[in-house]
Amino acid sequence: MFFNFVKRLGIFCLVLIISTTLVFFMLHSLPGEKAVVMAKYIFLGSVELNPSNEEIQLVKDKFDLDRSLISQYISWAGAALHGDLGRSYKSNDPVSQEILIRLPATITLAFVSVLMSLFIGIPLGILAAVKQNSITDYICSSTAVLGISMPNFWLALLLMLVFSLKLNLTPTIGYGGLSHLILPAVTLGTASSAVIMRLTRSSMLEVMRQDYIRAARGKGLSRKSIFITHALRNALIPVITIIGLEFGHLLGGTVIIETIFAWPGIGRLLIDSISARDIPVIQGCVLFITLMYMLLNFAIDAVYPLIDPRIGGN
Amino acid sequence: MSLLSVEHLESQFVTEDGIVKAVDDVSFEIANNETLGLVGESGCGKTVLALSILRLLSENTKTRGIIRYRGRDLLQLSEDDLMAIRGREIAQIFQNPLSSLNPVLTVGFQISEPFMLHQGLKRKAARIKAVEMLERVRIPLPEERAREYPHEFSGGMRQRAMIAMGLACKPSLIIADEPTRGLDVTIQAQVVELMKELIKESCASMLIITHDLSLAAELCDKIAVMYSGEILEYAGIQDFFRKPAHPYSKCFLESLPARGMKPIRGISPSLIDPPPGCRFCPRCDHAREECKHVHPDLMKVKEGQYARCHIYA
């Protein structure tokens, strides 16, 4: 158990190092002279105009861009190890602060979307499995296919059109009260619900074919109690994995949806920093997203033994 | 009157290759306190027959005939009525205890379920009963063991737990499907001893399904030999082992290690498209011309012994 933990911690660090290194070098190979792009943002506030040579040189000096890539990376990594992720080129605020400010927005959205997918996906999946090959099943399953296939930016625009513009029920974009949360959460929740519904259904059907279900029928249990006590827990094991991944994905910020709804989360921060070549912020975001994924994986692994006694334990 | 009488039972299921007639016109009876052994090689339809009785087969299986239990035809009962019989009046001990026990529920809980269901006991009381059952099937430290999960049990203990579950509500009929399968010989002997005692104690009737003739010899009063979906011989245990009537039964006995371990030539026929005459005919040394074309009926050899063979016509 302890050895396992140490091993996982090692892998954890390795993934962090590899992902930040990769991203760092990828950023530097992006087309367009970095200093020029940065100067545009810093001095001109617009991409249309061209900065002067002095302005570009000023940027280079200020951010040490003339040094070799490796030494730039090492000084970044060294500071990061001490908890200092640097300052944003653009706003000059500490990166950690930039991320922390946006965290509540992302967490709220991710949490509500996952909750929605749980409360819609799992019950519908069970319903479809219980009533396999019935009209109910066909409706649930085909709606799920629709939910998975619909591009979420399109669904987002559609929802805006109907609920904000036509029906005037919700605000179109922005961040604030509960009403702002509805559309983005529904957009993200739809796809996740569909994935979870299909997985729950197939997992449930798979479990219902097992010998222990037949044995439970042989004991005289009703279909209902077989589903609840014997099938459900077994069927939810793969579902938990997907929920974890889905949550991790959402916590990393959803670039497109946050952009469409002007949702001030991590995804927006990331996309804005990329266009401004705000490297410390991009690095910080990547670090954060990787961290989120891995922490969630840890959490999911901790949940498994509670559901499946064959995993972990003694 | 017999406790269970099965008349002209057929179980078929549709596959891509055709209709599999896993059980084809099978009739037998089990009296009170009687143990019937249903023997036959793998794939002859034994398990399908066992599952047909409590209607535990999947929905794409068609079952026809009459299964009369205490005068009621189980095939005509509603699902609700049948649920009251399953586990209480007729219990089934399934083959392969590892896959027949739910991996995420404790063994104790799984044994306590029939008590809660059929005797209306509360969880705690049912749990005490479950521990008693574990003790009865000689599982050491039953208190602790009841809290464990199936994967923490050894193969022999899992089989005991299955038996405990089957016997929980003192059923009048127990259907045991390959109760010693997958256990090593010493554990097999222990399980057989245990079952012998439990049969004696509980006065239940039993249908034991096995390919293991020595197990049948230990436990059964009567033997039904199944081959390719039908019963080829039906006899008392003494008659069967001393003077088997059907050529297949003779070959089957000769294939036992103790009696020469002589294999039966050929392979058993397809259940989709069986031979038109006697199904054993292609492998039979005594086959005559009529055996190829005329399907034999179950014929009386002597009082209490029947064989599906033209020799006795």
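Note on numbering: residues in each chain are counted from 1, in written sequence order. As a convention, the first chain written is A and the first ligand written is 1, with the rest following in written order. Local features in a predicted model are, by the rule used here, given only for residues with pLDDT of at least 70; side-chain atom pairs are given and counted only at 80 or more, and totals for whole chains, interfaces and linings are based on all residues.

### Some points on the overall build of chain B
Numbering goes from the N terminus for both helices and strands, where a helix is a DSSP run of H or I of at least four residues and a strand is a run of E of at least two. When helices and strands are counted, chain B shows twelve helices and twelve strands. For the radius of gyration, the atoms used are the C-alpha atoms, and the globule rule reads 2.2 Å times the number of residues raised to 0.38. Against the 2.2 N^0.38 benchmark of 20 Å for 313 residues, chain B shows a C-alpha radius of gyration of 20 Å, consistent with a compact globule. When each of the 313 residues of chain B is scored for burial, the buried share is 47%. Sequence separation of 24 or more characterises 62% of the internal contacts of chain B that already satisfy a separation of 6 or more. Backbone-placed C-beta atoms define the burial measure: a residue is buried with 20 or more other C-beta atoms within 10 Å of its own, exposed with 12 or fewer, and partly exposed in between. Contact between residues is assigned whenever the C-beta positions, reconstructed from backbone atoms, fall within 7 Å.

### Here we look at the domain arrangement of chain A
Residue and element names in this part refer to chain A. Delimitation of the domains relies on an automatic or database domain assignment. Taken domain by domain, chain A holds domain 1 (20-84) and domain 2 (106-307). Each of domain 1 and domain 2 has a C-alpha centre, and the two are 37 Å apart. Contacts between the two partners involve nine residues from domain 1 and, on the opposite side, seven residues from domain 2. Of all the elements in the fold, those that place two or more residues in the side of domain 1 that touches domain 2 are helix 1 (2-28) and helix 2 (34-44). Residues of the side of domain 1 that touches domain 2, tallied by class, amount to seven nonpolar, one polar and one charged. Side-chain classes follow a simple rule in which Ala, Val, Leu, Ile, Met, Phe, Trp, Tyr, Cys and Pro form the nonpolar group, Asp, Glu, Lys and Arg form the charged group, and the remainder, Gly included, forms the polar group.

### Regarding unusual backbone geometry
Residue and element names in this part refer to chain B. Phi at glutamate 178 takes a positive value of approximately 45°, unusual for a residue other than glycine. Following the sequence through the fold, glutamate 178 ends up in the loop between strand 7 (173-177) and helix 8 (185-202). When the 22 C-beta atoms within 10 Å are taken as the criterion, glutamate 178 is described as buried. Positive phi is not limited to glycine here, since methionine 261 has a value of about 50°. Looking at the element boundaries, methionine 261 is found in the loop between helix 11 (247-254) and helix 12 (289-293). Judged by the 9 C-beta atoms lying within 10 Å of it, methionine 261 falls in the exposed class.

### Some words on the sheet that holds strand 6 (residues 90-93) of chain B
Residues and elements named next belong to chain B. Taken in spatial order, the eight strands of this open sheet run 6-7-8-3-9-10-12-11, and their pairing is mixed. A single partner strand is all that each edge strand has here, and the edge strands are strand 6 and strand 11 (299-302). On average, adjacent strands in this sheet sit at an angle of 20° to one another, irrespective of strand direction. At least two DSSP bridges between two strands are needed for those strands to be called paired. Taken together, the four bridges between strand 3 (residues 35-39) and strand 9 (residues 222-227) define a ladder with parallel strand orientation. Across the sheet, residue valine 39 finds its bridge partner in strand 9, namely valine 225. All axes are obtained by fitting lines to C-alpha atoms, using only the stretch in contact for helices, and the reported angles, taken between N-to-C directions, cover 0 to 180 degrees. Here helix 1 (residues 46-53) sits on the sheet in contact with strand 3, strand 7, strand 8 (205-210) and strand 9, set at roughly 150° to strand 7.

### Considerations on the interface of chain A and chain B
Listed per partner, the contact involves 18 residues of chain A and 22 residues of chain B. Elements with a minimum of two residues in the side of chain A that touches chain B: helix 9 (211-218) and helix 10 (223-251) of chain A. At six residues, the largest contribution of residues to the side of chain A that touches chain B is made by helix 9 of chain A. Across the side of chain A that touches chain B, the residue classes tally to five nonpolar, six polar and seven charged.

### As for the pairing of strand 11 of chain B
Residues and elements named next belong to chain B. One ladder, built from three bridges, connects strand 11 with strand 12 (residues 305-307); its direction is antiparallel. Bridging across to strand 12, lysine 302 finds its partner in glutamine 305. Between strand 11 and strand 12, which pair antiparallel one after the other, the connecting turn spans two residues, and glycine 304 there sits at a positive phi close to 85°.

### Section: the confidence of the model for chain B
Note: pLDDT gives the predictor's confidence per residue, expressed from 0 to 100. This prediction gives chain B a mean pLDDT of 90; 100% of its residues lie at or above 70. Taken over the whole predicted complex, pTM reads 0.81, whereas the ipTM for its chain interfaces reads 0.89.

### Digging into the sheet that holds strand 1 (residues 4-15) of chain B
All names here are of chain B. Spatial strand order, 2-1-4-5: four strands in an open sheet with antiparallel pairing. Every interior strand has two partners, whereas the edge strands, strand 2 (18-30) and strand 5 (72-73), have only one. Relative to strand 4 (residues 61-69), strand 1 runs antiparallel, the two being bridged by eight bridges. Looking at strand 4, one finds that glutamine 12 is bridged to lysine 62.

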